Amino acid sequence: MKKILIALFCFWSVTAQADVIIGFRGKNGAFDRKAFADFAAKRKLVGVILRADQLNIALKYIDKNIHYELYGYSLGARSVSQIMKRVKHMPNHVWTVGAYHTTNVDFRRYNVKFNNYFDLSGRGNRSPGKHIGISHDKI
């Protein structure tokens, strides 16, 4: 019994401390789960998908993981921006896809690596990033 408890404790320690990428969904839950799962796997990270309003849950994951990344799709990009104002330790990387033109996704002031990809709904956004001339539902 003692060996089982030790094994479970070791397993829990490893899973609780896994490097994660926290992905925030867009409006009405819009999100490409498969693309995100593939992206997380390629980066050797555990993918966690949250609604755009689940900031407190994201902060709990962040507190448990020294290494983490943030990913926001559409409205989720705004969630990433809100999280960045509240975190104690910065993510390794921030990714946004399809941020609206009024959403501030300029993370230079946090001294963190980031990539922003804008569709037509992000036209005019002053944050650094790559503008792709496609509609929001195609990005």
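About the thresholds
Along each chain, residue indices are assigned from 1 in the same order as the chain's sequence is written. Predicted model: local features are reported for residues with pLDDT of at least 70 only, side-chain atom pairs are reported and counted for 80 or more only, and whole-chain, interface and lining totals are derived from all residues. To obtain the side-chain values, all non-hydrogen atoms of the structure were included, while hydrogens and water were left out. Buried and open spaces are told apart on a 1 Å grid over the protein atoms alone, a cavity being a set of points where a 1.4 Å probe fits but cannot get out and a pocket being an open set with protein on both sides within 12 Å along at least five of seven lines. Residues with an atom within 4 Å of a point are the lining residues. Grid points are joined across faces, edges and corners, and a volume is the space filled by probe spheres set on the points. Helical segments are the DSSP runs of H or I of at least four residues, strand segments are the runs of E of at least two, and each set is numbered from the N terminus. Each residue gets one of three labels, nonpolar for Ala, Val, Leu, Ile, Met, Phe, Trp, Tyr, Cys and Pro, charged for Asp, Glu, Lys and Arg, and polar for the others, Gly among them. Buried residues of nine kinds, namely Ala, Val, Leu, Ile, Met, Phe, Trp, Tyr and Cys, make up a nonpolar core once their side-chain atoms join them within 4.5 Å. Three exposure classes are used, based on accessible area relative to the maximum for each residue type with a 1.4 Å probe and protein chains only: buried under 20%, partly exposed in between, and exposed over 50%. By the convention used here, residues are in contact when the closest approach between their heavy atoms is within 4.5 Å. For two strands to be treated as a pair, DSSP must find no fewer than two bridges joining them. Confidence of the predictor at the level of single residues is captured by pLDDT, which takes values from 0 to 100. The handedness rule is simple: strands pointing away from the viewer, and a clockwise path from the first strand over the helix to the second, make the crossover right-handed.

Explain the layout of surface pockets to me, and be specific about the residues and the numbers.
In this model, the largest pocket occupies a volume close to 230 Å³. At the level of secondary structure, the elements contributing two or more residues to the lining of the largest pocket comprise α2 (33-42), β3 (68-73) and β4 (93-97). Sort the elements by how many residues they give to the lining of the largest pocket and α2 lands first, with 3 residues. Its residues assigned to classes, the lining of the largest pocket comprises 10 nonpolar, no polar and 1 charged.

An account of the nonpolar core is needed here, citing residue identities and associated values.
Ranked by internal contacts, the top residues of the largest apolar core, which has 24 residues, are F24, L70, I83 and F107. Contributions of two or more residues to this core are made by β1 (20-24), β2 (46-50), α3 (55-64), β3, α4 (75-84) and β5 (113-118). Among residues more than four places away in sequence, those in contact with F107 are V80, S81, M84, V94, T96, V112, F114 and N116. Counting 9 residues, the second largest nonpolar core, distinct from the first, contains F31, F36, L45 and Y73.

Lay out the pairing of β1 in plain terms, naming residues and giving numbers.
Summarising burial for β1: 5 of the 5 residues are buried, a large majority. Side-chain alternation along β1 places V20, I22 and F24 on one buried face and I21 and G23 on a second face that is also buried. Inspection of the sheet shows β1 paired to β2 by 5 bridges, in the parallel sense. Paired with V20 across the strands is V46, a residue of β2.

Help me get a handle on the confidence of the model for the chain, residues and values and all.
Considering every residue of the chain, the mean pLDDT works out to 88; 87% of them sit at 70 or more. Across residues 1-16, where pLDDT falls below 50, the model places 2 contacts with residues more than four positions away in sequence or in other chains.

Tell me about the pairing of β3, residues and numbers included.
Where burial is concerned, most of β3 is hidden: 6 out of the 6 residues are buried. Here β3 shows a buried face lined by Y68, L70 and G72 and a second buried face lined by E69, Y71 and Y73. In this sheet, β3 lies alongside β1 in parallel orientation, the contact comprising 5 bridges. Residue pairing in the sheet places I22 in a bridge with L70 of β3. Sheet topology places β3 next to β4; 5 bridges connect them, and they run parallel. Within β4, the position partnered with G72 by the bridge is T96. For the crossover that starts at β3, traverses α4 and ends in the parallel β4, the hand is right-handed.

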